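Structural description and commentary
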Amino acid sequence: MKRLTMIESIYNLLDFGVYVEIVQNAKKKRFQMALKIFLQHLFFGRGYKNLTPPQLETFLKNEDSQSIVIDLREKKSFKREHIPGAILHPFDDFLRYILVDGGYEDYKNQPIILVCDTGQKNRVAASVLIEEGFSKVVSLKRGMRRWHRWEKLKLSCQKKSRGGLYFCGVLG
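These notes cover the structure that comes with them. (Residues numbered from 1 in each chain as written. Predicted model: local features only at pLDDT ≥ 70, side-chain atom pairs only at ≥ 80, totals over all residues. Heavy atoms only, no water.)

1. What about the pairing of strand S5 (residues 137-140)?
The criterion, for reference: Burial status follows relative accessibility: with a 1.4 Å probe on protein chains alone, a residue under 20% of its type maximum counts as buried, one over 50% as exposed, and anything between as partly exposed. Only runs of H or I of at least four residues qualify as helices and only runs of E of at least two qualify as strands under DSSP, and these elements are numbered from the N terminus. Paired strands are those between which DSSP finds at least two bridges. A crossover gets the label right-handed when its path from the first strand over the helix to the second runs clockwise, viewed with the strands pointing away from the viewer.
Neither face of S5 is open: one carries Val137 and Ser139, the other Val138 and Leu140, and all of them are buried. Note: strand S1 (residues 49-51) against S5, three bridges, orientation parallel. If you follow lysine 49 over to S5, its bridge partner there is valine 138. Of the strand pairs in this sheet, strand S4 (residues 112-115) and S5 are connected by three bridges, and their pairing is parallel. The residue bridging leucine 114 from the neighbouring strand is serine 139, located in S5. A crossover connection joins S4 to the parallel S5 through helix H7 (residues 120-131); in handedness this β-α-β unit is right-handed.

2. Some thoughts on the packing of aromatic side chains
In plain terms, the rule: Pairing of aromatic rings covers Phe, Tyr and Trp, the last through its six-membered ring, and needs centres within 6.5 Å; plane angles under 30 degrees mean stacked, over 60 mean edge-to-face, and all others mean tilted.
Scanning all chains against the criterion turns up three aromatic pairs. Here the aromatic rings of tyrosine 104 and tyrosine 107 are separated by 6.3 Å at their centres, their planes lie at 70°, and the arrangement is edge-to-face. The class for tyrosine 104 is buried, based on a relative accessible area of 12%. By the ring-pair criterion, three or more aromatic residues cluster together here, those being Phe94, Tyr97, Tyr104 and Tyr107.

3. A few points about the pattern of salt bridges
Inclusion rule: We define a salt bridge as a side-chain nitrogen of Lys or Arg found within 4 Å of a carboxyl oxygen belonging to Asp or Glu.
Tallied over the full model, the rule gives six salt bridges. A salt bridge links arginine 73 to aspartate 71, with the nearest nitrogen and oxygen atoms 2.8 Å apart. Each member of the pair arginine 73 and aspartate 71 is classed as buried. For lysine 154, the salt bridge identified is with glutamate 151, shortest N-O distance 3.4 Å. Residue lysine 154 and its partner glutamate 151 are both found in helix H8 (residues 143-160); the two are separated by three residues, about one turn of the helix.

Written as structure tokens, this is what we have:
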């Protein structure tokens, strides 16, 4: 499992498309924030946990059934692939539900895991939840893009692991 986690992290570092997308979105919105604060929000979040897919998988196994996984993507993406047990609540509806309707009040002290395509929307939603007084908010780092890559990596390693020195499908 540690090897898989290490490989997944290396793949993630090499995914420059995510960094480019984040900077482009920031430019479009004329992001008026100091670089240091921007980087802190980008990499560490504020008041919530940012977990990688291997960390989230462990978290879900160790947590009791009181946690809730909320998928913030659109219906089409959700139908194609989602984390088992996740519920669909598109981003715009989710924000309205939290800010206007006062939704998910029963989960204020229980783990809420947020998921989207690239991790940007779930970081925004996580910040909103923290501001609204939720205490155990978790964001899937880099979203379903990274989760999908993690699942694919696990499957390929399971298929190719045989006797001998295999490092996840690559002869060592």
